[in-house]
Amino acid sequence: MTKNSTTGWFAVVLGAFYLFGTTLVPIFDAGDQTGPRAFPYLVSAVVILSGLGLLVKDWRSAKRVPFSWGFSTDRAIWLKILATMVAGIVYGLVLDSLGYLIATFLFMVAVSELINVGRHAQNLVIAVAFSLVTFISFALILKLSLPRGLLGGILPF
Amino acid sequence: MIGKWRVLSGLIATAMVAATAAPALAEDWKPQRPIEIIAPAGPGGGWDLIARTMQKALTEEKLVDKPIIVTNKPGGGGATGWNYLKGKSGQGEFLAANSPLILQNNLLGKSDLTYKNFFMLANLMAEWEVVAVKADSPWKTGKEFFEAMKKDPSSMHIGVGPALGNDDHIQFLTLTKAFGADPKAVKFVVYPNTAAEQIPALLGGHIQAITISLAETLEQVKAGKLRILGVSSPERVSELPNVPTWKEQGVDFVFPHWRGVMAAPGLSPAQQKFWTETIDKMVKSKTWKDSLETLGWDDYYTPSTDYVTFLDKQDTLMRESLTDVGLIK
Amino acid sequence: MEAILHNLGLGLEVALTPNNIMWVFIGGLLGTIIGMLPGLGPATGVAVLIPITYGMNPATALITMSAVYYGAMFGGSRASIMINTPGDASAIVSCFDGYPMAKKGKAGSALAISAIASFVGGMIGMVCLVFFTEPVAAMALKFGPAEKFSLMLFALTATITLSEGSILKGFIAMGIGFMLATIGIDGQSGAIRFTMGIDDLQDGIDFLVVMIGLYAVTEVFKNFSAMDVKYDIDAKSIGRVWVSWPDFKKSIGPMLRGSPLGFLIGVLPGAGGTIATFLSYAVEKSVTKKPAEFGKGAIQGLAGPEAANNACSCGALVPLLTLGIPGSGTAAVMLGALMMLGVRPGPILFEQHPEIAWGVIASMLVGNIMLLMINLPLAVPLVRLLKIPQRIMLPLILGMGYMGTYFLNYASFDFILVSLAALAGYMLVKLSIPIPPMVLALILGGMTEQSFRNSLTIANGSLSIFWEQPISLAFLVLAAISLVYALNKQKKLMKMPSTPEEEAD
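For clarity, every value in this text was computed on a predicted model and none was experimentally measured.

Here we come to the overall build of chain B. Counting its secondary structure elements, chain B contains 12 helices and 10 strands. Taking the principal axes of its C-alpha atoms as reference, chain B extends roughly 85 × 40 × 35 Å. Classification of the 329 residues of chain B by burial places 50% in the buried group. In chain B, of all internal contacts separated by at least 6 residues, the share reaching a separation of at least 24 is 77%.

Encoded structure:
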């Protein structure tokens, strides 16, 4: 697979998937004659045709450089990316129940440990400082609502 | 100690018989923490304005002794904010602004939430709906307009926003039917940015009429750019004494675009009592009345029980109009 | 003409009172700071201010709020340049060349030219506003859905043809953007589309969430693979916040082209700032002799769009002046606050309260000068941030990105979207699929589809409306020209011997 053929196949599959989704969109009597499906049909046509175009271009091309995602060669990087994503999603899930201060502190510790490897003390300082400074400036000074969570009853402000 | 218990259990027994909780305890409840009024939309819109007006009136009249925060939770045509309120079951410190969308979202299948999921505290204010055309257009009354529509529906394009199925849309459908035209043949042009797009489109001649709330058109009418064919209020509005109501034009149609306030589900009778009384005091206060005046809103105060009856009726009416045009199957 | 000058004089009287000057400064500074933070844009800035304005007279309130508004526009591009995270949609384009400039150690020049270009754009926009409001407003009314659709089609085509990489990949990117934009409830029919049963998607995907993922978080991912690479930063030049004469000379043309372009597009209601900045970038890239430098730190690619953006916000005041209708979301927030103060915005606001309306316009002249004075010195501490090592900076960028996401909708579901968008962004970069067409299509998607369908409703189903209206036809022709031009260029490139890297596209 080259970069172009990967992209081409990706576009064709994505476009087909979207096209299938479009056929599932309900149509009501009310609304306009054009309806909710017309525009998505156009979009899937553009994506599928462009994908096919890339595939044709790739088959005709003389010099074909193989492309790899590097899942095995750059394994450490992909794992880091995955870990960051998981940290972000978990951060969102616990934000309301733990409260902004605790959740943000935990998230910052997690991502700092991933990036700033081994310097635990520094990471703790960054995490505490970041969560406190942002909470004070947004929740207390600008009065935007941030979840208070577990600390809700204890916070003096 | 024993005596106290006996009194208490006696009270509870009485309460159970009467199917209400102990009135002696009911006196006691007051908000324990900062109060949160949820505006289920971004800043600047109707819900935000009413939440902030309540915040102002409750604070300035010292009706509560805890601070009040307005929280903007936009999304799902109100559903995001209301779901958040639903999650605060039994907590008396949370209120949310609402509007007919709480009925329409459910009718249109966009949301499972209904007004029955909450403690409906009070209906607060109403705006009125109008149909407006360009000041130099040939139609002067509702009748003339809808006659033209009957003749050639494809030449009449009606601007509505931000989406079909709202009060503006329902007003127009009901009127079309009442004037004897076919609601299904109406060509609606949807403007997601509402008045900001609808009014230029009307002035530029791209569409022939808009169905919209009165406040959005008031200044345009005063400036002589638009003409209002009719208004959905029971009597003529004081700012536009020359504009006839739909009722005067022979259509039995009074249609408020209201906004109210509700509290979390599962409140104790004590909590319910606190809020019904507090809101009752608020709507009678000077701060509240002055704010309504500056915002150009009509007082439409309906306390809790009557509010629920009102919602039952509105629900039926809207179901009919939306079923007529096929938005509900 | 005389009436205009008289009114302007009246406005200056209001704007130049010490009290109002003070509020312009406070508002401008607050706006700049809020605008710098990802996720917090002008609308939030103005909303935060509403409680403070309760006690003010309406003129001061509106002056303060508009100071926050354009302060946030100045500030928005700071974050684009420093950490590749646009503060709002109109600051996306500032990432294209602003961030590469910072990486090359030219952050000082980038920050300075963006402040200067914003100033120039704002001033030219103000002059246009004062003198050309009437004719431009009349033109704007002619703009129906067909014209709007064709304009957006042109903006998209221009962005595709001028993006890095092949045109086919550009179209794929645009398609992905449109796909994301169609997720959620269709306003016209109420049909729920492509939500895959997830209720949180009903409202659609907030493009700002995707943007934070695609730019800020993806940037962190990219750095994972090059952690130890030191940017080529000259320690001496880092603190200098000024533009060299040759750089400035290169920026004059883009600023003078971007400003009127931005003003004209700003007059049309909708996503003016986004279209204006993307189009200005496209214009600069097509007139330059060295298009290869674009995206790698060309100062013209920063100066033009910055000027266009600020001129655009002046243009957005035209509907406000002539019709009393807000031209942007932020203006709508401002009008809401005005209503609480008892002032009803409308076409006769200017006759009833000329001191408010013209006071605000005059205060913007004052504000522009003041913001230039705030932003140039502010760049000095900002530039120092680059000295913070990457291993500390990257977690902070992640923290800010996720926090900013929360402020957009207060929805934890968006944290999932940000993470996925970041991963998608990383993979798209690996495949050399250009990001800009995708982002633009995502932002304009809803409006593109709506104006397409509205056109067809108005024309009773006939597609001919798109070429029968002269303005619409003109944009379609422009779109076609840009496509043909780009295809030709690509053919020429194919014939030339190329490096293996380029061949891959």
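Okay, back to it.
Secondary structure summary: chain C contains 22 helices and 2 strands in total. Relative to the 2.2 N^0.38 estimate, which gives 23 Å for 505 residues, the radius of gyration of chain C is 22 Å and therefore close to what a compact globule would have. Overall size of chain C, expressed as C-alpha extent along the three principal axes, is 65 × 65 × 50 Å. In chain C, buried positions account for 64% of the 505 residues. Taking as baseline every contact in chain C between residues at least 6 positions apart, the subset at least 24 positions apart corresponds to 80%.

Once that is clear, we can look at the environment of Gly262(C). All names here are of chain C. With respect to the helices and strands, Gly262 occurs in helix H10 (residues 245-267). Between the C-alpha atoms of Gly262 and Gly204, which are 58 residues apart in sequence, the distance is 28 Å. Once residues lying within four places of it in the same chain are set aside, the contact partners of Gly262 are Gly121, Gly125, Ala276, Ser280, Ala307, Ala308, Asn309, Ala311, Cys312 and Gly315.

All names here are of chain B. What the domain assignment lists for chain B is domain 1 (30-126 + 256-324) and domain 2 (129-231). The partner domain 2 presents 11 residues to the 10 residues of domain 1 that form the contact. Elements supplying a minimum of two residues to the side of domain 1 that touches domain 2: helix H5 (101-107) and helix H12 (304-324). It is H12 that contributes the most residues to the side of domain 1 that touches domain 2, 4 residues altogether. Per-class residue counts for the side of domain 1 that touches domain 2 are 5 nonpolar, 4 polar and 1 charged.

Time to look at unusual backbone geometry. With phi around 55 degrees, Lys62(B) is a residue other than glycine that occupies positive phi space. Relative to the helices and strands, Lys62(B) is located in the loop between helix H3 (46-60) and strand E2 (68-72). Even without a glycine there, the phi angle at Ser432(C) is positive, about 55 degrees. Looking at the secondary structure, you find Ser432(C) in the loop between helix H18 (413-430) and helix H19 (435-458).

Further remarks concern helix H2 (residues 18-36) of chain C. An α-helix turns once per 3.6 residues; consequently, residues spaced three or four apart project the same way. Residues and elements named next belong to chain C. Over its 19 residues, H2 extends 27 Å from the first C-alpha to the last, a length consistent with the 27 Å expected when each residue adds 1.5 Å. Taken together, the buried positions of H2 are Asn20, Trp23, Val24, Gly27, Gly28, Leu30, Gly31, Thr32, Ile34, Gly35 and Met36. Those residues of H2 that are buried lie in contact with helix H1 (2-15), helix H3 (42-53), helix H4 (58-83) and helix H16 (354-384).

Before going further, it helps to examine the interface of chain A and chain C. The extent of an interface is frequently quoted as the accessible surface area lost upon association of the parts. Listed by partner, the interface residues are 54 residues for chain A and 50 residues for chain C. Of all the elements in the fold, those that place two or more residues in the side of chain A that touches chain C are helix H1 (3-23), helix H2 (38-60), helix H3 (75-98), helix H4 (100-115) and helix H5 (120-141) of chain A. Among the elements that make up the side of chain A that touches chain C, the one with the highest residue count is H3(A) (12 residues). Tallied by class, the residues present in the side of chain A that touches chain C amount to 31 nonpolar, 17 polar and 6 charged.

Time to look at the confidence of the model for chain C. For residues with low pLDDT, the predicted coordinates do not support detailed interpretation. Residues and elements named next belong to chain C. In this model, chain C carries a mean pLDDT of 84, and residues with pLDDT of at least 70 account for 92%. Across chain C, element-level confidence peaks in helix H8 (residues 167-181) with a mean pLDDT of 95 and bottoms out in helix H22 (residues 500-503) with 42. Every residue in residues 497-505 is under pLDDT 50, and counting partners more than four places away or in other chains gives 12 contacts.

Among the nonpolar cores identified, the biggest contains 302 residues, and Leu121(B), Ile158(B), Ala263(B), Ala155(C) and Leu279(C) are the most heavily contacted of them. The greatest single-element share of this core, amounting to 17 residues, is contributed by helix H6 (residues 107-142) of chain C. Apart from the residues within four sequence positions on either side, Leu121(B) is in contact with Leu95(B), Val261(B), Met262(B), Ala263(B), Trp275(B), Thr276(B), Ile279(B) and Ser304(B).

Further remarks concern the pairing of strand E8 (residues 226-231) of chain B. Residue and element names in this part refer to chain B. Here E8 lies mainly inside the structure; 6 of its 6 residues are buried. In this structure, strand E4 (residues 119-134) lies alongside E8, joined through 5 bridges in antiparallel fashion. Across the sheet, the residue bridging to Val130 is Val231, located in E8.

In this section: helix H7 (residues 167-178) of chain B. Residue and element names in this part refer to chain B. The end-to-end C-alpha distance of H7, which contains 12 residues, comes to 16 Å, matching closely the 16 Å that a straight helix rising 1.5 Å per residue would cover. Here H7 lies mainly inside the structure; 10 of its 12 residues are buried. Listed in full, the buried residues belonging to H7 are Asp167, Asp168, His169, Ile170, Gln171, Phe172, Leu173, Thr174, Leu175 and Thr176. Structurally, H7 contributes buried residues whose contacts are with E4, helix H6 (142-151), strand E5 (157-160), strand E7 (209-213), strand E9 (256-263) and H12. In the segment just after H7, Gly180 is the residue with positive phi, at about 90 degrees.

This part takes up the pairing of E4(B). All names here are of chain B. Counting buried positions along E4 yields 15 of 16 residues, so the element is predominantly enclosed. Summarising the sheet, E4 and strand E10 (residues 298-303) pair through 4 bridges and their orientation is antiparallel. The residue of E10 that forms the bridge with Ala122 is Pro303. As judged from the 4 bridges shared by E4 and E7, these two strands associate in the antiparallel manner.

All right, on to the packing of H4(C) against H6(C) then. Residues and elements named next belong to chain C. Running from amino to carboxyl end, H4 crosses H6 at an angle of 155 degrees, the nearest separation of the two axes being 10 Å. When the interaxial angle is binned, H4 and H6 end up roughly antiparallel. Helix-helix and strand crossings are classified by hand; for H4 and H6 the assignment is right-handed. When H4 is examined against H6, the residues Tyr70, Met73, Phe74, Ser77, Arg78, Ile81 and Met82 are found in contact with a partner set consisting of Ala107, Ala110, Leu111, Ser114, Ala115, Ser118 and Gly122. Here the residues of the contact of H4 with H6 are counted per class, giving 9 nonpolar, 4 polar and 1 charged.

The next subject is the environment of Gln91(B). Residues and elements named next belong to chain B. Tracing the backbone shows Gln91 in the loop between helix H4 (79-86) and strand E3 (94-98). For Gln91, a count of 18 C-beta atoms within 10 Å gives the class partly exposed. Counting along the chain gives 173 residues from Gln91 to Ala264, while the straight-line C-alpha distance between them is 6.6 Å.

Further remarks concern the confidence of the model for chain B. Overall, the prediction assigns chain B a mean pLDDT of 85, with 91% of residues at 70 or greater. Across residues 1-26 of chain B, confidence stays below pLDDT 50; counting only partners more than four residues off in sequence or on other chains, it has 15 contacts.

Next up on the list: the packing of helix H9 (residues 207-224) of chain C against helix H17 (residues 390-409) of chain C. Residue and element names in this part refer to chain C. Two numbers describe how H9 lies on H17: the axes approach to 10 Å, and their chain directions differ by 165 degrees. As far as their axial angle goes, H17 and H9 are roughly antiparallel. Our pair here, H9 against H17, has a crossing hand that is left-handed. Contacts from Leu208, Val209, Ile212, Ala216, Val217, Val220 and Asn223 of H9 reach H17 at Gln390, Leu394, Ile397, Leu398, Gly401, Gly404, Thr405 and Leu408. Looking at the contact of H9 with H17 residue by residue, the class counts come to 10 nonpolar, 5 polar and no charged.

What follows deals with the environment of Pro244(B). All names here are of chain B. Turning to its location among the elements, Pro244 is positioned in the loop between E8 and E9. Put simply, Pro244 and Ile228 are 16 residues apart on the chain and 8.7 Å apart in space, counted from C-alpha to C-alpha. Apart from residues no more than four positions distant in its own chain, Pro244 is found in contact with Gly230, Arg236 and Gln249.

Parameters and conventions
Residues numbered from 1 in each chain as written. Chains lettered and ligands numbered in written order. Predicted model: local features only at pLDDT ≥ 70, side-chain atom pairs only at ≥ 80, totals over all residues. Helix = DSSP H or I, 4+ residues; strand = E, 2+ residues; numbered from the N terminus. Buried ≥ 20, exposed ≤ 12 C-beta atoms within 10 Å, placed from the backbone. Contact = placed C-beta atoms within 7 Å. Rg over C-alpha atoms; globule rule 2.2 N^0.38 Å. Domains from an automatic or database assignment. Nonpolar A, V, L, I, M, F, W, Y, C, P; charged D, E, K, R; others polar. Expected span 1.5 Å × (residues − 1). pLDDT = per-residue confidence, 0-100. Core = buried A, V, L, I, M, F, W, Y, C linked by C-beta atoms within 7 Å. Pairing = 2+ DSSP bridges. Axes fitted to C-alpha atoms, helices over the stretch in contact; angles between N-to-C directions. Parallel < 35°, antiparallel > 145°, perpendicular 65-115°, else oblique. Left-handed = near helix turned anticlockwise from the far one by under 90°.

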